Amino acid sequence: MKIFPTAFTIICLLFIMTVDSHAARENISSCLICHNRMSGKVTLQSGQEIDLRIDASKFQASVHGFLACTECHKKFDENPHVKPSEKVPADIMKISEEIKSKAKIDPVAYSACYSCHEDIYKQVLSSPHGKNITVKHKPDGALCLDCHGSPHYIVKTDNPGSHVNRKNVVETCARCHGNRNLAVKYKMGEDVLVSYNESFHGKKYHLGDRKAPTCISCHGYHDIKRVDNPASPVFGLNKIQTCGKCHKGANEKFVAAFTHKPAGPIPRITQVTLIILTLSVFIFIVSHVILEAYAEIRDAIFRKKRRTEKDESENECI
Amino acid sequence: MNQKMSASNNLPEEVERFNIVFRIQHIVMFTTFLLLAFTGWGLKYADVDVSNWWIRIWGGAETAGIIHRIAGVTMLLDFTWHVTYIIYLFAKGRIKLSARTTIIPLPQDVIDVIHNFLYFVGIAKTKAKFGRFSYVQKFDYWAVFWGMFIIGFSGFSLAFPMLVSYIIPESTKGWIWQVLTILHSDEALLAIVFILFWHFYNEHLKPEVFPMSWTWLTGRISMEELREKHPLEFELMFPDEKDKEKGALNAE
């Protein structure tokens, strides 16, 4: 069974060699002739598994559908194909070196976003998401694809299919921030997703309120900052301005309502007291109702006669 | 036999319990209560899948929120109207304080509760005797007051947080919002549970009132009900009746 894909790949490769790699549109279609039909995964020398299939129709419907494959895939280290003849620009080479801990498969292609999205890429690299990769050389830390999904299928943010669309963005952030192991590992706020879901903001978001804020409404996105960074929109009194975007006239005492911090002792004591109160009332009313219903039935069956007899005897005494 | 006797003694067949103002206040109260409970339930349990569907019935999250706020404010106004009206009646001398007719809880009510429980389990031979308001009714009434203060105040604060943020002391800002949220949500649940069990059983499901006590529309209760359920008030209203009854029996 494995012979077929291999043979197919070789045929494709032979075909591609005959194609002029400088003609962009032709290049796309040439690459896709094979990559649209391939299935299964290939293991690289580094041990990484990659999926070689590109869904051509989805790719062409994406915002990047007009790009030639080699605009991003500028250089392959383990290239089974002909090497693209263009030289990789120095700034992209530099980024590809910096993000190596993260982009293990094709760091150059991963850095190629920079050629069009220069400002945003710089913001991300200087944010805690980027610095975790470039400075601390960790394999975690969000880069473009972690939030936007595969570059081949990125759609506009107002498209419900986008990973960062309003509908999906909380889930996207939660892939890391709702992960307890990562939260502990990088000393991020734990249970931020839980507290968001329990807040009015989160509840309304899940019920489909179009005005309810998501993570990025308060925290920002590409140039996101740590909560303890004085420049963060949710640091200290910066909240007055941030909350004020929706809550006109927000003041210091009002913005204190918005926090991911777990409930302190007073709210917890209140909650326990109320649970005890509710339970005691519940026990009282339920037992009263049940016993009364029991007494009604009992009286209707057994005591009716006795009561009338008793009433009569009382009357006679008078 | 009772009816005959009533007719012969020129007793009215019914007595007015709640005038038109009280009846309107009650209708506004339960309408807003139902609206608040229906829309609030969806928000409280937003994480349950059904809530999404439920809130869409109410016109989506935004519309449900507006319904909830309007109903909440209306309920608070209704409550204010009720309290003002009671004070007005009191000032005019149209209601007087008396142990047999007051709705204020008295030590006797605790005794009545114990008495009735003893009757339910078969130890006491008779039920407790009530004045105008039994402890069941007093509990129903004051539960609304409790709800108004706890849920009403917290709800108002959550609906108009900016306004309330100027009033709350600086030292409370760290926890007050969480406390208000907990108060509103938990006490609302208590109120719903209370209405569902206490009020529904006593005013709707009990065999003698099923499907409901019509007093909320007519404002009246029958002489028979007054005599049986509120004997102390009956004696107070018709002090001669007991003697007449005795007289009639003796004559027979």
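Because the structure is predicted, anything quoted here is derived from the model rather than measured. (Residues numbered from 1 in each chain as written. Chains lettered and ligands numbered in written order. Predicted model: local features only at pLDDT ≥ 70, side-chain atom pairs only at ≥ 80, totals over all residues.)

Q: Whenever I open this one, the overall build of chain B confuses me. Can you help?
A: For chain B, the helix and strand inventory stands at 12 helices and 2 strands. Sequence-ordered secondary structure for chain B, helices as α and strands as β, is α-β-α-α-α-α-α-α-α-α-β-α-α-α. Taken over the C-alpha atoms alone, chain B extends approximately 75 × 40 × 35 Å along its principal axes. Looking at chain B as a whole, 24% of its 252 residues qualify as buried. (Helix = DSSP H or I, 4+ residues; strand = E, 2+ residues; numbered from the N terminus. Buried ≥ 20, exposed ≤ 12 C-beta atoms within 10 Å, placed from the backbone.)

Q: Any chance you could explain the interface of chain A and chain B here in plain terms?
A: Chain A puts 35 residues into the contact, and the matching count from chain B is 39 residues. Per-element accounting of the side of chain A that touches chain B gives the leading share, 17 residues, to helix H18 (residues 265-317) of chain A. Considered class by class, the residues forming the side of chain A that touches chain B number 17 nonpolar, 11 polar and 7 charged. (Contact = placed C-beta atoms within 7 Å. Nonpolar A, V, L, I, M, F, W, Y, C, P; charged D, E, K, R; others polar.)

Q: It is not clear to me how the domain arrangement of chain A should be interpreted in this structure. Could you clarify?
A: It is common to report an interface's size as the accessible area lost on association of the parts. Split into domains, chain A comes out as domain 1 (155-262) and domain 2 (265-303). Taking only C-alpha atoms, the centre of domain 1 of chain A and the centre of domain 2 of chain A are 41 Å apart. (Domains from an automatic or database assignment.)

Q: Just checking my understanding: could you explain unusual backbone geometry for this structure?
A: Among all residues except glycine, the phi angle is most often negative; among peptide bonds, the trans geometry is most common. With an omega of 0 degrees, the peptide bond between Phe210(B) and Pro211(B) qualifies as cis. With respect to the element layout, Pro211(B) can be found in the loop between helix H8 (176-205) and helix H9 (215-218). Look at Lys187(A): it is not a glycine, yet its phi comes out positive at around 50 degrees. Mapping Lys187(A) onto the fold places it in the loop between helix H12 (180-185) and helix H13 (192-198). For Asp191(A), which is not glycine, the phi torsion reads 60 degrees and is therefore positive. For Asp191(A), the location among the structural elements is in the loop between H12 and H13. The class of Asp191(A) is partly exposed, set by 16 C-beta atoms lying within 10 Å.

Q: Any chance you could explain the nonpolar core here in plain terms?
A: The biggest cluster of nonpolar side chains holds 18 residues, and the ones touching the most others in it are Ile99(A), Ala112(A), Tyr114(A) and Leu143(A). Of all the secondary-structure elements, those providing two or more residues to this core are helix H5 (90-98), helix H6 (107-111), helix H7 (113-116) and helix H8 (118-126) of chain A. Cys243(A), Val255(A), Ala257(A) and Ile176(B) belong to the second-largest nonpolar core, a separate cluster that totals 12 residues. (Core = buried A, V, L, I, M, F, W, Y, C linked by C-beta atoms within 7 Å.)

Q: Please clarify how the environment of Val227(A) should be interpreted in this entry.
A: Structurally, Val227(A) is set in the loop between helix H15 (215-219) and helix H16 (238-244). In this structure, Val227(A) is in contact with Ser232(A), Val234(A) and Phe235(A), ignoring residues within four places of it in sequence.

Q: So what exactly am I meant to see when it comes to helix H4 (residues 60-92) of chain B here?
A: For H4(B), with 33 residues, the first-to-last C-alpha span of 47 Å sits near the 48 Å given by 1.5 Å per residue. Inspection of H4(B) places Ala61(B), Ala64(B), Gly65(B), His68(B), Ala71(B), Gly72(B), Met75(B), Asp78(B) and Phe79(B) among the buried residues, and these make up the whole buried set. Each element contacted by the buried residues of H4(B) is listed here: helix H14 (200-206) of chain A together with helix H2 (20-44), helix H3 (49-57) and helix H6 (135-159) of chain B. A positive backbone phi angle near 80 degrees is found at Gly93(B), which sits one or two residues after H4(B). (Expected span 1.5 Å × (residues − 1).)

Q: Before we go on, may I ask you to explain the packing of H6(B) against H8(B) in this structure?
A: Each pair of packed helices gets described by two things: the angle between the helix axes and the distance between those axes. Residues and elements named next belong to chain B. Where H6 contacts H8, the two axes come as close as 9 Å, and the packing angle between them is 155 degrees. Taken together, the axes of H6 and H8 are roughly antiparallel relative to one another. Between H6 and H8 lies a crossing of left-handed hand. Facing H6, whose interface residues are Val136, Phe139, Asp140, Ala143, Gly147, Ile150, Ile151, Ser154, Gly155, Ser157 and Leu158, H8 presents Leu180, Thr181, Leu183, His184, Glu187, Ala188, Ala191, Phe194, Trp198, His199 and Asn202. Split by residue class, the contact of H6 with H8 holds 12 nonpolar, 8 polar and 2 charged. (Axes fitted to C-alpha atoms, helices over the stretch in contact; angles between N-to-C directions. Parallel < 35°, antiparallel > 145°, perpendicular 65-115°, else oblique. Left-handed = near helix turned anticlockwise from the far one by under 90°.)

Q: So what exactly am I meant to see when it comes to H5(A) here?
A: What sets the pattern is the α-helix's 3.6 residues per turn: residues three or four places apart point alike. Residue and element names in this part refer to chain A. All buried positions along H5 are accounted for by Ile92, Ile95 and Ser96. Taken around the axis of H5, the buried residues stretch over an arc of 100 degrees, which confines them to a single face. Among the exposed residues of H5, those oriented more than 90 degrees off its buried face are Ala90, Lys94 and Glu97. On its buried face, H5 sits against H6 and H7. (Arc of directions from axis to C-beta.)

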